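Chain by chain, the residues:
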Amino acid sequence: MPDGAPHLAGRDDAVARAGPRVVLGVGGGIAAYKACELLRRLIEAGHDVRVVPTGSALRFVGEPTWAALSGHPVTSEVWDDAHDVPHVRIGREADLVLVAPATADLLSRAAHGRADDLLTATLLTARCPVAYAPAMHTEMWQHPATQANVATLRSRGALVVEPATGRLTGADSGPGRLPEPDELAELARLLLERGTAGASLDLAGRSVVVSAGGTREHLDPVRFLGNRSSGRQGYALARAAVSRGARVTLVAANVASPDPAGASVVPVVSAADLRAAVHAAAVDADAVVMAAAVADFRPATCTETKIKKAGSPSAPVLALEHTPDVLTELAGERRRPGQVIVGFAAETGDDSGSVLEHGATKLARKGADLLVVNEVGPGKGFESPDNEAVVLGADGTRTPVPYGSKESLAHVVWDLVAQRLA
Ligand code: CTP
């Protein structure tokens, strides 16, 4: 664009998308560059995205980039295009406002109801769901002032997700990273699907633990006994819980997927690691959902060196031992008052009983409040994006969940958990 081109750029008239209207608010932090990728994902998902950066954000990424990617004019001031009253219109017309990155300064201005630029004015006029993805240095995030601002925004019905933990701008690392753009776009999709009801943040103030994936029990440094769990169901549960306002700890056993935005991920390998991580996180949790496929048996010994084929006249015989049942422990002696404990059971029917009969016996044996029972078979359960299940309640309820996405099943589980917590 030549020097002296008008400040407002874009193709507002040419772009009339039918998709939901999303305002992408961009705060003045280095992670603003990641918001370009997020913007692309939102546009690719068919959303009509209006970018509203702060003046500081424009020092990191310039207005032509936002305008070209969004197809809309971009400004941070309330004075541009005043005849159109943008400081009121943009917020009112939005189906979702997503602020990413939300800096400490922006969270402070939003919490105090300031309206000193177009983004803060938009936050005051929006009546749709508003979500913030904070990103800043760990010290700034953990400062009581920032935490108080976050608590204020949450108390007013906004979703403020926890920042990711990892490498920050310099050599330091800790909580304060912006979650990955793909995962933020996924969060936006979930929020748009849940709609405008403030009640959709029905897990706000709740802390939940989800286990996902499949454990590996090593025989030696290179071999293990494992299982086919992909972790998809547990990850869908974690994403759904974040979108409903919960603070989520995701104990992930050998899952290759990216971390869901807002979830605190604890990677584990074995059943013993998983047990320690789940019990630690469950201490102050309102609900624990055990979606992980945890090994029932592990090799009685794990050699420090590789078991060699050469020189072994016959194949080795593996001695196995039982692993502790984490779900039974959580539902029994480890249970915190009021905690809701949920298990999963992948079953096949046999001569001794049907899938649901086996499920009901397991629910009683483990002492959980809810057991999600699904039949294992082609296209169902393991490694499939879809699932079909019946959720059995210890109170005798049966909730059938028709064949559909693991995300729909996740929402049914959280509906039932939310009912029990209420
Ligand atoms: N589970 C657990 N700890 C274990 C094994 C399983 O917490 N050591 C949990 C799983 O996460 C799941 C539930 O228990 O939520 C049911 O797992 P499943 O393997 O179906 O139960 P089992 O008791 O092993 O039953 P089965 O005899 O059918 O193998």
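By domain assignment, the protein separates into domain 1 (18-196) and domain 2 (207-421). Each of domain 1 and domain 2 has a C-alpha centre, and these two points are 34 Å apart. Facing the 13 residues of domain 1 at the interface are 14 residues of domain 2. Here domain 1 packs against domain 2, burying approximately 1,100 Å² in sum over the two surfaces, 58% of which is carbon and sulfur.

By nearness alone, 15 residues border the ligand, and Met-290, Ala-292, Asp-296, Leu-327 and Lys-362 come closest of all. At 2.8 Å from an oxygen atom of the ligand is found a side-chain nitrogen or oxygen belonging to Asp-296. In the complex, 77% of the free accessible area of the ligand, which totals 580 Å², lies under the protein chains. The cavity where the ligand resides is the largest pocket. Among the elements of the structure, helix H12 (326-331), strand E16 (340-347) and helix H13 (355-366) are those that each provide at least two residues to the shell around the ligand. With three residues, the top contributor of residues to the shell around the ligand is H13. For the shell around the ligand, the residue count by class is eight nonpolar, two polar and five charged.

All right, on to the layout of surface pockets then. In this model, the largest pocket occupies a volume close to 960 Å³. The wall of the largest pocket is formed by 41 residues, among which Ala-292, Ala-293, Val-294, Phe-344 and Ala-346 lie closest to the centre. At the level of elements, helix H10 (232-243), H12, E16, H13 and strand E17 (370-375) are the ones that each hand at least two residues to the lining of the largest pocket. Taken together, the residues of the lining of the largest pocket break down into 17 nonpolar, 14 polar and 10 charged. Taken as a whole, the second largest pocket encloses approximately 540 Å³ of empty space. Lining the second largest pocket are 27 residues, with Glu-162, Pro-163, Thr-165, Ala-263 and Ser-264 sitting closest to its centre. Listing elements by their share of the lining of the second largest pocket, those giving two or more residues are helix H7 (138-142), strand E6 (164-167), strand E7 (173-177), strand E11 (247-253), strand E12 (263-268) and helix H11 (271-282). Ranked by residues supplied to the lining of the second largest pocket, first place goes to E12 with four residues. Among the residues forming the lining of the second largest pocket, the class breakdown is 14 nonpolar, seven polar and six charged.

Criteria and thresholds
- Residues numbered from 1 in each chain as written.
- Predicted model: local features only at pLDDT ≥ 70, side-chain atom pairs only at ≥ 80, totals over all residues.
- Heavy atoms only, no water.
- Domains from an automatic or database assignment.
- Contact = heavy atoms within 4.5 Å.
- Buried area = accessible area lost by both parts, 1.4 Å probe.
- Near = heavy atom within 4 Å.
- Polar contact = N/O pair within 3.5 Å; in protein donor to acceptor, adjacent residues only side chain to side chain.
- Areas by Shrake-Rupley, 256 points an atom, 1.4 Å probe, with all protein chains shown as cover.
- 1 Å grid on protein atoms, 1.4 Å probe; cavity = no way out; pocket = protein on both sides within 12 Å on 5 of 7 lines; lining within 4 Å.
- Sits in = over half its atoms within 2 Å of the grid points.
- Helix = DSSP H or I, 4+ residues; strand = E, 2+ residues; numbered from the N terminus.
- Nonpolar A, V, L, I, M, F, W, Y, C, P; charged D, E, K, R; others polar.
- Points joined across faces, edges and corners; volume = space filled by probe spheres on them.

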